[in-house]
Amino acid sequence: MKTNRFSESFANADAVFNGMYSAELRQLKGLSKEEINAIVPASNSMQTYQALVEVVEKASKDNLAQAQLISKIKSLGTSAIKLAKKIPSWAALF
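Cut-offs and rules
Residues numbered from 1 in each chain as written. Predicted model: local features only at pLDDT ≥ 70, side-chain atom pairs only at ≥ 80, totals over all residues. Heavy atoms only, no water. Helix = DSSP H or I, 4+ residues; strand = E, 2+ residues; numbered from the N terminus. Contact = heavy atoms within 4.5 Å. Salt bridge = Lys/Arg side-chain N within 4 Å of Asp/Glu carboxyl O. Buried < 20%, exposed > 50% of the residue type's maximum accessible area, 1.4 Å probe, protein only. Arc of directions from axis to C-beta. Core = buried A, V, L, I, M, F, W, Y, C linked by side-chain atoms within 4.5 Å.

The protein chain has the name tRNA U54 and U55 pseudouridine synthase Pus10 in an unreviewed UniProt entry, where Parabacteroides faecis is given as its organism.

Dropping the structure here:
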């Protein structure tokens with residue numbers, strides 16, 4: 001198959017969205033800006049949200065164990081934990 005400059009990007013996107021945390025990632029990405037700001041009413045709420053999404057995307061792509069993912073989310077701080085708790089399957093883990 002012929003590859004182009006987008007092939008690697010598409011392969012990475014497929015790995016993320018077909019990975020272990022794909023359902024949780026869809027739920028996380030489904031949060032609106034208003035919901036995010038209501039959960040984390042801080043000036044850096046969108047930065048925290050983006051950092052959380054990136055951690056979950058990488059964990060999904062790499063099939064990271066749940067305990068490792070939770071540890072990485074906790075290292076992002078209390079704001080990221082509050083956002084992660086909005087995902088029903090993670091709410092009891094924090």
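There's plenty left to go through after this.
## Focus: the overall build of the protein chain
Per the secondary structure count, the protein chain includes 6 helices and 0 strands. The N-to-C order of helical and strand elements in the protein chain reads α-α-α-α-α-α. Across the protein chain, the fraction of contacts at a sequence separation of at least 24, relative to all contacts at a separation of at least 6, is 61%.

## A look at the pattern of salt bridges
Once their charged atoms are close, side chains differing in charge can pair, the charge on each being opposite to the other. A full pass over the atoms with the stated rule returns 2 salt bridges. The residue E57 makes a salt bridge to K29 at a minimum N-O spacing of 2.8 Å. Taken as a pair, E57 in helix α4 (residues 45–62) and K29 in helix α2 (residues 22–29) lie far apart in primary sequence, 28 residues in all. With its nearest N and O atoms 2.6 Å apart, the salt bridge here joins D62 to K58. Taken together, the positions of D62 and K58, both in helix α4 and 4 residues apart, correspond to about one turn of that helix.

## Looking at α2
By the burial criterion, the buried members of α2 are S22, E24, L25 and L28. Buried residues along α2 cover an arc of 160 degrees about the axis, so they all sit on one side.

## Points about the nonpolar core
Counting residues in hydrophobic clusters, the biggest one holds 22 residues, and the most contacted among them are L28, V56, L69, I73 and W90. Those elements that place two or more of their residues in this core are α2, α3 (33–39), α4, α5 (66–76) and α6 (78–84). Of the residues forming this core, the biggest block, 6 residues, is contributed by α4. With residues near it in sequence (within four places) discarded, L69 still touches Y21, V55, V56, A59, L64 and W90.

## Brief notes about the environment of N44
Along the chain, the position of N44 falls in the loop between α3 and α4. Here the alpha-carbon distance between N44 and S79, two residues 35 residues apart in the chain, equals 9.4 Å.

## Description of the environment of A65
Structurally, A65 can be placed in the loop between α4 and α5. Expressed as a C-alpha distance, the spacing of A65 and M20, which sit 45 residues apart in the sequence, is 8.9 Å.

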